[in-house]
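# Remarks on the overall topology
Listed below, chain by chain, are the residues.
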Amino acid sequence: MHKRKILHIDMDYFYAQVEERDNPELKGKPVGVGGMRGGRGVLCTSNYLARKYGVRAATPTAQALKLCPALILIAPHFDKYKAVSDEIFDIYYKYSQKIQKLSLDEAYLDVTDCTLFDNNAIEIAKQIKKEIFVKTKLTASVGVSYNKLLAKIGSDLHKPDGIAILRSQNIQQNIAHFSIKKIWGVGKVTLKHMNSLGFYTFGDLQKKTKLDLINCFGDFGADLFHYCRGEDEREVKLNGERKSLSVETTFAVDMSCMQELKNSLHLLHDEFLSRLKKHDDRNIKNICVKIKYCDFTQITVEAQLDIGIHNFLNLFEKRHKETEKPIRLLGLGVKFVCGKSEGQLELLPL
Ligand code: DCP
Ligand code: CA
Ligand code: CA
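Residues numbered from 1 in each chain as written. Chains lettered and ligands numbered in written order. Predicted model: local features only at pLDDT ≥ 70, side-chain atom pairs only at ≥ 80, totals over all residues. Heavy atoms only, no water.

Okay, the sheet that holds strand 2 (residues 31–34) next. Spatially, 3-2-4 is the arrangement adopted by the three strands of the open sheet, whose pairing is mixed. Edge positions in the sheet fall to strand 3 (43–46) and strand 4 (72–74), since each has one partner strand and no second. With direction set aside, neighbouring strand axes in the sheet form an average angle of 25 degrees. When strand 2 meets strand 4, the two strands line up parallel, connected through three bridges. Bridging from a neighbouring strand, Val-31 pairs with Ile-72 of strand 4. Where helix 1 (residues 14–22) meets the sheet, its contacts fall on strand 2, strand 3 and strand 4, and the angle it forms with strand 3 comes to roughly 65 degrees. (Pairing = 2+ DSSP bridges. Helix = DSSP H or I, 4+ residues; strand = E, 2+ residues; numbered from the N terminus. Axes fitted to C-alpha atoms, helices over the stretch in contact; angles between N-to-C directions. Contact = heavy atoms within 4.5 Å.)

Here is the structure:
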């Protein structure tokens, strides 16, 4: 069978890492992100220092403070995590269109057909990690393998800021010592049940026949028979369509000169058109321009116009007057029509 190249990418202590990034005074201290309402909330997550005290996701806040009195509690900022998530997924889409989003901080990428970096999955993974860090100042961990099961196991092996490559050679022996907790579909309840039957590791499962496992676990037993050998045929499932495509640039020095700003819109437009080619099956709903000023205030303007450069320039000029603050970042892009697109008008450049 044709061997696939699959990455599983998971951000490290995601909410807590974002908070640490934005409050440098938290560095080196145990941090928990979570609800504090009436002292009865639970934590969404914690940084690794806090985890040493047994403080983790779903730990009740009150208990967390008992386990670790020095714990610094931060209320969650979901909009911020969503914005970071959008940034990292924009990076992923440069490498593959076959992406399965599992949560804000986690995804499978099928890079089998990626032409970048000579189609070397390890180099692609390294580059994605680098790009995530440059763009967001955050670290992610990546598993590189030839199926989803092994890629996911890999992303957890060298956390934080790690890469693990799981190759097919001797895979059965190499994974024999892993806990069955790592298997997709083995939650708390299943784990308890499986433990009670004497199954703790992949190796324990490997000793049984398929029929044995089916007798113990029903249909899931057949999956387990393959998973425990590192076999997994599940496809990376696309979840929904991309809703927008945009390109942007942050200037080295905040920019006021109208001519220079227009020049950069032209450059962005070129880049945008070349990236749009990959989405030529999509219909465009609106075009948009994004402006972030030197004081970090941000505006986006949107209009139902075609993707010719003049429309972006007009949109930009209508919103931004020369007298205004210097600009830190400029972006442009489109929103796609979602759902079935039959009967929609194509908006082509004039
Ligand atoms: N999350 C949550 N409640 C949970 C689990 C997670 O709100 N019970 C949120 C907070 C996490 C984010 O989802 O930061 C991602 O969850 P992960 O399971 O990937 O955990 P982390 O990213 O926090 O840590 P790790 O480095 O172990 O991946
Ligand atoms: Ca994570
Ligand atoms: Ca995750």
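Next up on the list: the nonpolar core. If you look at soluble globular proteins, the nonpolar side chains tend to sit buried side by side. Leu-7, Ile-9, Tyr-92, Leu-109, Ile-128 and Ile-132 are the most contacted members of the largest nonpolar core, which has 35 residues in total. Among the secondary structure elements, those contributing two or more residues to this core are strand 1 (6–11), helix 1, strand 2, helix 4 (78–95), strand 6 (106–110), helix 5 (121–136) and strand 7 (140–145). Among the elements that take part in this core, helix 4 stands out by supplying eight residues, more than any other. Setting aside its immediate chain neighbours within four residues, Leu-7 contacts Ala-107, Tyr-108, Leu-109, Val-111, Ala-121, Ile-124, Ala-125, Ile-128, Val-142, Gly-143, Val-144 and Ala-151. Leu-276, Ile-287, Phe-316 and Ile-327 belong to the second largest nonpolar core, which has 29 residues in total. (Core = buried A, V, L, I, M, F, W, Y, C linked by side-chain atoms within 4.5 Å. Buried < 20%, exposed > 50% of the residue type's maximum accessible area, 1.4 Å probe, protein only.)

The subject of this paragraph is the packing of helix 1 against helix 4. Contact geometry of helix 1 with helix 4 gives a least axis separation of 10 Å together with a crossing angle of 100 degrees. Considering the angle they form, helix 1 stands roughly perpendicular to helix 4. Taken together, the residues of helix 4 that come into contact with helix 1 (itself represented by Phe-14, Tyr-15, Val-18, Glu-19, Arg-21 and Asp-22) are Phe-78, Lys-80, Tyr-81, Val-84 and Ser-85. For the contact of helix 1 with helix 4, a count of residues per class yields six nonpolar, one polar and four charged. (Parallel < 35°, antiparallel > 145°, perpendicular 65-115°, else oblique. Nonpolar A, V, L, I, M, F, W, Y, C, P; charged D, E, K, R; others polar.)

Residues in a regular strand point their side chains to alternate faces of the sheet. Of all the five residues making up strand 6, five are buried; the element is thus mostly covered by neighbouring parts of the structure. Burial along strand 6 is two-sided: the face carrying Glu-106, Tyr-108 and Asp-110 and the face carrying Ala-107 and Leu-109 are both buried. For strand 1 and strand 6, the ladder comprises five bridges, and the chain directions are antiparallel. Considered in strand 6, the bridge of Leu-7 is made with Leu-109. Direction of pairing for strand 5 (residues 99–103) relative to strand 6: antiparallel, over a ladder of four bridges. Its bridge partner lying in strand 6, Lys-101 is registered against Ala-107. In sequence, strand 5 turns back onto strand 6 through a hairpin of two residues.

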